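Structure assessment
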Amino acid sequence: MIESVAARQRGAYDVEAYYDNLCALQDSVPLPAVKAHLHDRVLDLNGDRVRANDWGPIVNTLRINKTLEFVAIRSYFQQPVDEKGEIANEKKAYIWKKKTPAVRSKEVTYRLCKSLRECLAATPVMSCIELQGLPLRERDIITLAKGISKNHTLNHLSLEHCRIGDDGVEILCKGIKNSFNVSSINVTGCSLNSRGAELLARIIKVCTVSTNTLHQYLTRNFSRQLGTY
């Protein structure tokens, strides 16, 4: 079975029905965690509990959606390491690789960011996106930044513990500076150095980004290198 154009058009405004339909098309069971808060226009999901096969209906539903106001995808998975910060041996590394949740794979993070890009470009209501603990790669950030640059409703963006680094922040800032509606961002635990802090400081000057979160982050982490903003 193939979804119809009419089904996609209705699905943009009926999240639950469209998600159920996509699950039926691939003969899978809809996840209660996905549907738990849809009536409040919220998708808040622990990605560690979602299998690889279950991500298809989720990202395809999100891609066309025009009613969700809050989207959060989180990962809390951590590999055990020794005192040097490394996995003890190859056998343990292999075991933990098999246990790593699908949400941490480059395929899933890229599909997720692509769906967010398309959603951001079309939504009239999306105001908050939180991606927590996801190992976002460069192409993920590039894709997400493109969506942000085309959006006019997003107020808050959080990439807490996504470890995007200075290069990722530079890409992100290029998207944010073209989106004057963004009022706050959270880059806690993103492995930033002084260059990343400088890039964020420039965004404060040219955009409406709130200093409540960002200024405190810069002051706490980079006051010695950069002085007070």
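Scroll up to find the structure.
Right, let's walk through the structure included here. This is a predicted model, so every value here is computed, not measured.

**Observations concerning the nonpolar core**
- In this structure, W55, I73, L131, L136, I148, L159 and I164 are the most contacted members of the largest nonpolar core, which totals 51 residues.
- For this core, the leading source of residues is helix α6 (residues 106-122), giving 6 residues.
- The contact partners of I164, leaving out residues within four places of it in the chain, are L136, I141, L159, V169, L172 and C190.

**Brief notes about the pairing of strand β2 (residues 70-74)**
- The element β2 is largely enclosed, with a buried count of 4 among its 5 residues.
- Relative to β2, strand β1 (residues 42-46) runs parallel, the two sharing 5 bridges. Within the sheet, the bridge partner assigned to N46 lies in β2 and is R74.
- Considered for its hand, the β-α-β crossover made up of β1, helix α4 (residues 55-64) and β2 is right-handed.
- Pairing geometry for β2 and strand β3 (residues 128-132), over 5 bridges, is parallel. Within β3, the position partnered with A72 by the bridge is E130.

**Points about the layout of surface pockets**
- In this model, the largest pocket occupies a volume close to 390 Å³.
- Residue composition of the lining of the largest pocket, by class: 5 nonpolar, 7 polar and 2 charged.

**Description of helix α2 (residues 15-25)**
- When we look at burial in α2, the residues that qualify are V15, Y18, Y19, L22 and C23. Down the axis of α2, the buried set is contained in an arc of 140°. They therefore lie on one face.
- Each element contacted by the buried residues of α2 is listed here: α1 (5-11), α3 (32-35) and α4.
- Following α2 by one or two positions, D27 adopts a phi angle in the positive range, close to 60°.

**Looking at the side chain of T109**
- Within the secondary structure layout, T109 lies in helix α6.
- Given the relative accessible area of 1%, T109 is considered buried.
- Contacts of T109, omitting those with residues within four sequence positions, involve V103, P135, L136, R137 and D140.

**Regarding the sheet that holds β1**
- Taking strand neighbours across the sheet as the criterion, the 5 strands line up as β1-β2-β3-β4-β5 in an open arrangement whose pairing is parallel. For this open sheet the edge positions go to β1 and β5 (184-186), each flanked by a neighbour on one side alone. Each adjacent strand pair in this sheet contributes to an overall mean axis angle of 5°, direction not counted.
- With 3 bridges joining them, β3 and strand β4 (residues 156-158) adopt parallel strand pairing. Along β4, the bridge assignment pairs E130 with S158.
- Sheet contacts for α6: β2 and β3; angle to β3, the most-contacted strand, approximately 170°.

**Some thoughts on unusual backbone geometry**
- The phi angle at D27 is positive, at roughly 60°, despite the residue not being glycine.
- The residue D27 is located in the loop between α2 and α3 in this model.
- Look at S191: it is not a glycine, yet its phi comes out positive at around 60°.
- Its location among the elements puts S191 in the loop between β5 and α9 (194-206).
- Taking the relative accessible area as the measure of exposure, S191 reaches 38% and is therefore partly exposed.

**Structural notes on the pattern of salt bridges**
- Applying the stated criterion across every chain, the model contains 10 salt bridges.
- Between E130 and R74 there is a salt bridge, with its nearest N and O atoms 3.0 Å apart. A residue pair is termed long-range when its members are at least 10 positions apart, and E130 in strand β3 and R74 in strand β2 qualify at 56 residues. Note on accessibility: E130 and R74 belong to one class, buried.

So, how was this worked out
- Residues numbered from 1 in each chain as written.
- Predicted model: local features only at pLDDT ≥ 70, side-chain atom pairs only at ≥ 80, totals over all residues.
- Heavy atoms only, no water.
- Core = buried A, V, L, I, M, F, W, Y, C linked by side-chain atoms within 4.5 Å.
- Buried < 20%, exposed > 50% of the residue type's maximum accessible area, 1.4 Å probe, protein only.
- Helix = DSSP H or I, 4+ residues; strand = E, 2+ residues; numbered from the N terminus.
- Contact = heavy atoms within 4.5 Å.
- Pairing = 2+ DSSP bridges.
- Right-handed = clockwise from strand over helix to strand, strands pointing away.
- 1 Å grid on protein atoms, 1.4 Å probe; cavity = no way out; pocket = protein on both sides within 12 Å on 5 of 7 lines; lining within 4 Å.
- Points joined across faces, edges and corners; volume = space filled by probe spheres on them.
- Nonpolar A, V, L, I, M, F, W, Y, C, P; charged D, E, K, R; others polar.
- Arc of directions from axis to C-beta.
- Axes fitted to C-alpha atoms, helices over the stretch in contact; angles between N-to-C directions.
- Salt bridge = Lys/Arg side-chain N within 4 Å of Asp/Glu carboxyl O.

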